[in-house]
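# Close look at the chain arrangement
Single-letter residue listing:
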Amino acid sequence: MADRERRMTPPFGGVFVASARVMSRDDMARAIRRMAHEVIERNQGSEDILIVGLQTGGVKIAENLVKALEEIEERGIESGCLDVALHRDDIGLRPVVPEAVTKLPDLIDGKTVVIVDDVLFTGRTIRAALDAICHFGRPRSIQLAVMVDRGHRELPIRPDYIGKNLPTRIDEVVDVTEEGVDLGVMRK
Amino acid sequence: MSLDIETPLIPNKHLLGIEGTTRDQIELILELTDRFAEIGKRPIPKVPALRGRTVASVFFEDSTRTRLSFESAARRLSADILTFSAGSSSLSKGESLRDTVEVITSYGADVLIVRHKMAGTPKRVSEWTDASVINAGDGCHEHPTQALLDCYTLKQQRGSLDGMSIGIVGDIRHSRVARSNVLAFSSLGAKVTLIAPKTLLPPSIERWPVDVSNVLDDVISDLDACYLLRMQSERHSKGLVPSLREYTKDFGLNERRCKMLPKDALILHPGPKNQGVEITAEVSIDPRSIILDQVTNGVSLRMAVLFMLLGQHETYQKDEL
């Protein structure tokens, strides 16, 4: 969970207390490389692929995925980032913070967009992202890559590429940083 | 971005003026505006952020850009809009201001954007309704969103207002824009000089955080930005200037004065321009003029303001500014 979301989510902050490290830095790097191969396999190459990291937790992972794809394919891969804050359905349940940067190519029509986020939980962020992307154009298809799928979906959304399946309790918190993935709880 | 979420910065329910607004609050609005400007460039420049909320524009005085930009800001945020104009309303049948406000509120308005020729009206309105109130200009008092969009436009050009020397020229006495801008510019660290004939300066001028000059030619070469005000002839009670021609000769921005203005200075005007009075047609299209940027930025800035008042968690809202 990104720093921004953690501080904003009701009951508004608290301290993250980790109970277990579930992925190391190396585990994450390996998962990224595997997901890159899966993206290429699924799409028979990397033609017209656009990698979109969701602000703020997905951006770094998207960057790493782009690097991995470029190494494998030996060509440039298009990428962008997207903040879905204004497309969320729980707007008004959070305090106002300046929206993070959205930067997408001018033309996304006909592209295969791969949305990248750190943790897939209720699916509401992804719903908002689908809504936002459709405001930019009509991609050929949209796929979803996440580092951690922690379950508890509230919408019919499933990921195409998963770093790690992590069964969790609903009150637990998953924290993804560059150091690795931790499971823990929020303490006031 | 270092934002202390524990002590939120814009918890206000209303935006009644720049007075009482802190520098941090102003800077947060300007930062939000950057993000909303990006939405304006999208193929579909619309986000569902305020879906289901109702914005009422309640204008007892004429307006083109303030009203249009508030309404397009509301549309870009997917809010619904109620439009009230004094001219075509039951005011002409003798309905009181308070009744009018209560009627509009009972149609479900979440925010009232109020313009009135009497100073203090938005504040009164805010006492009569549960909705948020935005001051869109009240008499000679304040016009906060204009000041904020001017700050944003200057910041866009220069990165920061800190240390800038800004001259505000013209009918200061009758200008709510000048009042709000003096407060906003100096709050952001700019040095403000008011330039006007003595008759067009307000009586309380010595309490303002400004320098004053009565001769534009004396100070124009020191300005980083030259902000021209409209001659508000409709608010003049008696002859405060001998004639418009004389005013134009001494305080109008013409080609000669334009040459005295530093090469990298900026020219602003809140509109509507009296072409040929405070500014000549040639100067309006001078490359240093950022008057059109002001208009464009008005929509993004007002999106930020609407979103801040309506799109936030209620526990983060204080009652009063």
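Turning to unusual backbone geometry, a few remarks are in order. With an omega of -5 degrees, the peptide bond running from Gln55 of chain A to Thr56 of chain A counts as cis. Mapped onto the elements, Thr56 of chain A comes out in the loop between β2 (49-54) and α3 (57-73). Across the junction of Gly271 of chain B and Pro272 of chain B, the peptide omega takes the value -10 degrees, indicating a cis bond. Summarising the element assignment, Pro272 of chain B is placed in the loop between β9 (266-268) and α10 (281-284). Despite not being glycine, Ser78 of chain B shows a phi value in the positive range, around 65 degrees. Residue position: Ser78 of chain B is located in the loop between α2 (65-76) and β2 (80-85).

A few words now on helix α4 (residues 121-128) of chain B. Residue and element names in this part refer to chain B. Along α4, the residues classified as buried are Thr121, Pro122, Val125 and Ser126. End-on view of α4: buried residues confined to an arc of 140 degrees, all on one side of the axis. Summarising the contacts, the buried residues of α4 are in contact with α3 (97-106), β3 (111-116) and β4 (132-138).

Next up on the list: the pairing of β3 of chain B. Residue and element names in this part refer to chain B. β3 sits mainly inside the fold: 6 of its 6 residues count as buried. Residues Val111, Ile113 and Arg115 line one face of β3 and the alternating positions Leu112, Val114 and His116 line the opposite face, and both faces are buried. Bridging between strand β1 (residues 54-59) and β3 involves 5 bridges; their strand directions are parallel. By the bridge assignment, Ala56 is partnered in β3 with Leu112. Summarising the sheet, β3 and β4 pair through 5 bridges and their orientation is parallel. By the bridge assignment, Ile113 is partnered in β4 with Ile134.

Calculation rules
Residues numbered from 1 in each chain as written. Chains lettered and ligands numbered in written order. Predicted model: local features only at pLDDT ≥ 70, side-chain atom pairs only at ≥ 80, totals over all residues. Helix = DSSP H or I, 4+ residues; strand = E, 2+ residues; numbered from the N terminus. Buried ≥ 20, exposed ≤ 12 C-beta atoms within 10 Å, placed from the backbone. Arc of directions from axis to C-beta. Contact = placed C-beta atoms within 7 Å. Pairing = 2+ DSSP bridges.

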